[in-house]
Amino acid sequence: MYLDTSDEKVLAGEFGETPQKMMEILVALGEVYEAEKLIPITSAQVSGASYKTIGKWGLAWLQSLDARVAVPTVLNPIGMPQEGWREFGIKEEFARNQALVVEAYRKLGIKLECTCTPYYLNITEYGEHLAWSESSAVAYANSVLGARTNREGGPSALAAAIIGKTPYYGLHIVANRRPQVVVEVEEGTGPRADHWGAIGHVAGKKVGNRIPIFEGIRPNRDQLKALGAAMAATGAVALFHVDKITPEARVFSFKTDDLERVTVSQDEVEALFAETEVEAVAVGCPHCSSAELEELAGLLKGKTTTKPFYIFAAAGVAKKNPDHVAAIERSGARVITDTCMVVSPRMDEFDSIMVDSGKALAYVPGMCGALARIGTRKECVEVATG
């Protein structure tokens, strides 16, 4: 892999031990994937931010680093809200350790915006090269924005953030972004027929790690977010196209005649829904948009919750929508920032959780040890207030 003079100096340790270690990570990654060079990135998003997932050894590694990021960088959700963690039910010991994780990232120059939806906070342009690590954010950036990023691991995303570059392979290369399988969604009626999280949950299992192109559907941006997040969770989808909708499907004329075709049937989607009793309700996986907060505020108007109802959103999005947040919280529901239902130990305390997300349906059982039930957003509100 070609390294320029500056890269070689970093690799030789002339700029310090931490940049050297980070360059070693990138070079090793590039060699594995036969990358020809490193390319500059415009931003990074780093996972491995919750103490629940990285533990004491991950924290010790972060505290050993001595460098500053070279590009704007944000964190994935941490294990608790930075403000109001006591009210959310986080224990003191966990909070102390999580604060140490946050402080370690702060010293590296990373913005303490902890979200799986960084695209709501900063503009990302078509064609930009990124190093993002959260699976749903990667799917959204590649598919909905037309930016270019591989699905980075936490260490490789951090390495790219500190160096300001990433190996040129995979989805950074236009020729590797062509569709590999066609997905058709069977038409249906009723509110569950266009539950894009459920559709993505089914589709991800069918397409695996291939790049799908959907034909005959017209989801909006929030629905595309739900679709991609679920496919990233049940498959390994980092990029998908929707004919005549997503940017690259409008820029390029993809030939699909010779591709395998798979169908997502309404029976398969409907089979995901169950009427199981739950102890808590959680939405916002990925984090809610302004439009989704507005919808939830409308659905909760005049209602009172009868069980814990948590709505997860980026702090920046919540701050931009104080009226919607206030309306939601008048019902007894709570808008929670910086964390999510998957990486917070608070959600481990429930045996059963209702979600509106295909991603959460896939992750909650393993990450939280809880039964997961999926529903539409309206059904989630009905169960939370019933």
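Residues numbered from 1 in each chain as written. Predicted model: local features only at pLDDT ≥ 70, side-chain atom pairs only at ≥ 80, totals over all residues. Heavy atoms only, no water.

Caption draft 1: Spatial organisation of helix H6 (residues 154-163). Burial of H6 is extensive: nine of the ten residues sit out of reach of the surface. Downstream of H6 by one or two residues, Gly164 has phi in the positive range, about 85 degrees. (Buried < 20%, exposed > 50% of the residue type's maximum accessible area, 1.4 Å probe, protein only. Helix = DSSP H or I, 4+ residues; strand = E, 2+ residues; numbered from the N terminus.)

Caption draft 2: Just the packing of helix H5 (residues 135-145) against helix H8 (residues 221-234), in detail. Across the interface, H5 lies against H8 with an axial gap of 8 Å and an inter-helix angle of 130 degrees. Considering their axes alone, H5 and H8 lie oblique with respect to each other. Here H5 runs over H8; the crossing is right-handed. Where H5 abuts H8, its residues Ser135, Ser136, Ala139, Tyr140, Val144 and Leu145 lie against Arg221, Leu224, Lys225, Gly228, Ala229 and Ala232. For the contact of H5 with H8, a count of residues per class yields seven nonpolar, three polar and two charged. (Axes fitted to C-alpha atoms, helices over the stretch in contact; angles between N-to-C directions. Parallel < 35°, antiparallel > 145°, perpendicular 65-115°, else oblique. Left-handed = near helix turned anticlockwise from the far one by under 90°. Contact = heavy atoms within 4.5 Å. Nonpolar A, V, L, I, M, F, W, Y, C, P; charged D, E, K, R; others polar.)

Caption draft 3: Geometry of the packing of H8 against helix H14 (residues 358-368). H14 packs onto H8 with a crossing angle of 30 degrees between their chain directions and a minimal axis gap of 7 Å. Considering their axes alone, H8 and H14 lie roughly parallel with respect to each other. Residues Ala229, Ala230, Ala232, Ala233 and Thr234 of H8 touch H14, and the partners they reach there are Gly358, Lys359, Ala362 and Tyr363. For the contact of H8 with H14, the per-class residue count stands at six nonpolar, two polar and one charged.

Caption draft 4: The arrangement of the environment of Leu11 in detail. When you line up the elements, Leu11 lands in helix H1 (residues 5-11). In this structure, the C-alpha to C-alpha distance between Leu11 and Ala28, residues 17 residues apart in sequence, is 11 Å. Setting aside anything within four residues of it in sequence, one finds Leu11 in contact with Leu3, Gln20, Met23, Glu24 and Val27.

Caption draft 5: Just the nonpolar core, in detail. One finds Tyr105, Phe214, Met341, Met347 and Val364 to be the most contacted residues of the largest nonpolar core, which totals 98 residues. Looking at this core, the element that brings in the most residues is H6, giving seven residues. By size, the runner-up hydrophobic cluster in this structure holds 24 residues, among which are Val281, Ala297, Ala314 and Val325. (Core = buried A, V, L, I, M, F, W, Y, C linked by side-chain atoms within 4.5 Å.)

Caption draft 6: Just the side chain of Thr385, in detail. Here Thr385 shows up in helix H15 (residues 377-385). Each residue touching Thr385, except ones within four places of it in the same chain, is listed here: Leu300, Lys303, Thr304, Thr305 and Thr306.

Caption draft 7: A look at the sheet that holds strand E7 (residues 181-185). If you trace the four strands from one edge of the open sheet to the other, you get E9-E8-E7-E10, paired in parallel fashion. The strands lining the two open edges of the sheet, one partner per strand, are strand E9 (241-242) and strand E10 (260-264). Pairing between strand E8 (residues 212-215) and E9: two bridges, direction parallel. In the sheet register, Ile213 faces E9, and the bridge partner there is His241. Of the strands in this sheet, E7, E8 and E10 touch helix H7 (residues 196-207), which is tilted by about 150 degrees from E10. (Pairing = 2+ DSSP bridges.)

Caption draft 8: Looking closely at the sheet that holds strand E12 (residues 309-313). Read from one edge to the other, the open sheet built from five strands follows the order E13-E12-E11-E14-E15, with strand pairing classed as parallel. Among the strands making up the open sheet, the edge pair consists of strand E13 (334-337) and strand E15 (371-374). Between one strand axis and the next, the sheet turns through 30 degrees on average, direction left out of account. Two strands pair when backbone bridges link them, and E12 and E13 are joined in this way by four bridges, in the parallel orientation. Within E13, the residue paired with Ile311 across the bridge is Val335.

Caption draft 9: Inspection of the pairing of E8 at higher detail. Where E7 lies against E8, four bridges are found, and the strand directions are parallel. Looking at the pairing, Val182 lines up with Ile213 of E8. Read from E7 through H7 to E8, the crossover connection turns out right-handed. Note that the unit made of E8, H8 and E9 has a crossover that is right-handed. (Right-handed = clockwise from strand over helix to strand, strands pointing away.)

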